[in-house]
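# Structural characterization, general
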Amino acid sequence: MNRPFLIAQISDLHLKAGQRLTYGVVDTLGALRRAVDHLNRLHPRPDIVVISGDLVDFGRPDEYAVLHPELARLEMPCYLVPGNHDNRQHLLAAFADHAYLPMSAGAPLDWVVEEHPVRLIGLDTTIPGAHGGQLLDSQLLWLDEQLAGRPDAPTLLILHHPPFISGIGHMDREPFINASALEQVIARHPQVERLLCGHLHRPMQRRFAGSLSCVCPGTSHQIVLDLQQTAPAHFNLEPAGYLLHRWQAQQGLVTHNAVFGEYPGPYPFYDAHGLID
Ligand SMILES: [Fe+2]
């Protein structure tokens, strides 16, 4: 493929059932509908969509029942990993048609997709019942083996929990437990172009073992940018957004941070006389 391959990333949908507002405030279903419409209208259209966890708010079957038909409206394939608000068993039951997901609900939902110009590896960083994240030793071993098997394939890892401290106090209280062990694995495999994360509900980047870990904004509410250790667990309704990753073999992976919604413009820089004065 000579044309660029486009990966849209969305995250932290936090859907509820019964038209309820999330935390009594946020219309997460309306936000997801706007996001799906936006991605379908993009030109050029993304080739795939990846979703980095917290698909629903309480991991309930009725929430996944609302989510499934909304994601089915995407006009391109989409790939999911769970977040700490998800429930593996209920997620798998609702998304049985997502053939890349493993069949066993008891184990972490790790997966590999080989059919695109970039290799996708989904990692389940959730700890059932907990807010923070980790990867089990068995998952790290599996990941190391997967990466060793195709060292020349540019690879994206999709995982919910970012493996670093953000500086936002309340989000750091349950950090990624074994980030350094993951870092050691990634350091052995320079074909890892990005770690695509969610959880923090605002765009962020950090160098990670010679690769780059980046966090996608939420499709609805954002975490308040408060870099104090005492930062309380607050969200706001700043413009919701997504990441658009553009892969071309000669040019590498370029990540664009974009927002949903309508804004004034576009306006031209130039007219018939040159740069507008
Ligand atoms: Fe979230």
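Residues numbered from 1 in each chain as written. Predicted model: local features only at pLDDT ≥ 70, side-chain atom pairs only at ≥ 80, totals over all residues. Heavy atoms only, no water.

### Digging into the overall build of the protein
Along the backbone of the protein there are six helices and 15 strands. In terms of overall size, the protein behaves like a compact globule, its C-alpha atoms giving a radius of gyration of 19 Å where 277 residues would be expected to give roughly 19 Å. Counting across all 277 residues of the protein, residues that qualify as buried make up 53%. Contacts in the protein between residues far apart in sequence, at least 24 positions, make up 67% of those at least 6 positions apart. (Helix = DSSP H or I, 4+ residues; strand = E, 2+ residues; numbered from the N terminus. Rg over C-alpha atoms; globule rule 2.2 N^0.38 Å. Buried < 20%, exposed > 50% of the residue type's maximum accessible area, 1.4 Å probe, protein only. Contact = heavy atoms within 4.5 Å.)

### Observations regarding the pattern of salt bridges
Pairs may arise between side chains of opposite charge once their charged atoms sit close together. Within the structure shown, the criterion is met by 12 salt bridges. Note that E70 is salt-bridged to R33, the shortest N-O span being 3.1 Å. Of this pair, E70 sits in helix α2 (residues 61-72) while R33 is found in helix α1 (residues 28-41), placing the two residues 37 residues apart along the sequence. R150 is the salt-bridge partner of E114, the closest N and O atoms lying 2.4 Å from each other. Taken as a pair, E114 in the loop between β4 (111-113) and β5 (119-123) and R150 in the loop between α4 (137-149) and β6 (155-159) lie far apart in primary sequence, 36 residues in all. Residue classification places E114 among the partly exposed positions, given a relative accessible area of 39%. Counted as one network, the salt bridges with shared partners bring together R33, D37, E70 and R73. (Salt bridge = Lys/Arg side-chain N within 4 Å of Asp/Glu carboxyl O.)

### A few points about the nonpolar core
In this structure, L67 and L71 are the most contacted members of the largest nonpolar core, which totals 52 residues. Grouped together as the second largest cluster of nonpolar side chains are 25 residues, L140, L159, I186 and A231 included. (Core = buried A, V, L, I, M, F, W, Y, C linked by side-chain atoms within 4.5 Å.)

### Quick notes on the sheet that holds strand β1 (residues 5-10)
In a beta sheet, neighbouring strands pair by backbone hydrogen bonds and run either parallel or antiparallel. Spatially, β3-β2-β1-β12-β13 is the arrangement adopted by the five strands of the open sheet, whose pairing is mixed. Here the strands that pair on one side only, and so sit at the sheet edges, are β3 (78-81) and β13 (252-259). The mean inter-strand angle of the sheet, taken between neighbouring strand axes irrespective of direction, is 20°. Pairing of strand β2 (residues 48-52) with β3, which is carried by four bridges, proceeds in the parallel orientation. In the sheet register, V49 faces β3, and the bridge partner there is C78. (Pairing = 2+ DSSP bridges. Axes fitted to C-alpha atoms, helices over the stretch in contact; angles between N-to-C directions.)

### A closer look at α1
In this model, α1 (14 residues) spans 20 Å end to end at C-alpha, consistent with the 20 Å of a helix rising 1.5 Å per residue. Of all 14 residues making up α1, 10 are buried, and the element is well covered by its neighbours. Turning to α1, its buried residues number three or more, namely T28, L29, G30, A31, L32, A35, V36, H38, L39 and N40. Packed against the buried residues of α1 are β1, β2, α2, β12 (241-248) and β13. (Expected span 1.5 Å × (residues − 1).)

### A closer look at the coordination of the iron ion
Only D12 (OD), H14 (NE2), D54 (OD) and H201 (NE2) from the protein reach the iron ion as donors, at distances of 2.1 to 2.3 Å. Classification of the site at the iron ion as irregular follows from its four donor atoms and the range of 86 to 175° in their angles at the metal. Within one chain, the residues donating to the iron ion are spaced in sequence as D-x1-H-x39-D-x146-H. Taken together, the positions of D54 in the loop between β2 and α2 and H201 in the loop between β7 (192-197) and β8 (204-208) put the pair 147 residues apart, joining distant regions of the chain. A residue is classified by how much of its surface remains accessible, and D54, at 2% relative accessible area, is buried. (Donors = N, O, S within 2.8 Å, 3.2 Å for Na, K, Ca; no water. Tetrahedral: all angles 85-135°; square planar, octahedral: opposite > 155°, others 65-115°.)

### Topic: the packing of α4 against helix α6 (residues 179-187)
Relative orientation of the contacting elements α4 and α6 amounts to 10°, with a least axis distance of 10 Å. By the angle between their axes, α4 is roughly parallel relative to α6. Remark: the crossing between α4 and α6 carries right-handed chirality. In this structure, α4 uses L140, L143, D144 and L147 to contact α6, whose residues at the interface are A181, L182, V185 and I186. The residue inventory of the contact of α4 with α6, partitioned by class, reads seven nonpolar, no polar and one charged. (Parallel < 35°, antiparallel > 145°, perpendicular 65-115°, else oblique. Left-handed = near helix turned anticlockwise from the far one by under 90°. Nonpolar A, V, L, I, M, F, W, Y, C, P; charged D, E, K, R; others polar.)

### Examining the packing of α1 against α2
Where α1 meets α2, the axes come as close as 10 Å, and the angle between the chain directions of the two elements is 15°. As the angle between them shows, α1 and α2 are arranged roughly parallel. Between α1 and α2 the crossing geometry is right-handed. Residues L29, L32, R33 and V36 of α1 lie in contact with α2, whose contacting residues are V66, L67, E70 and L71. In the contact of α1 with α2, the residues fall into six nonpolar, no polar and two charged.

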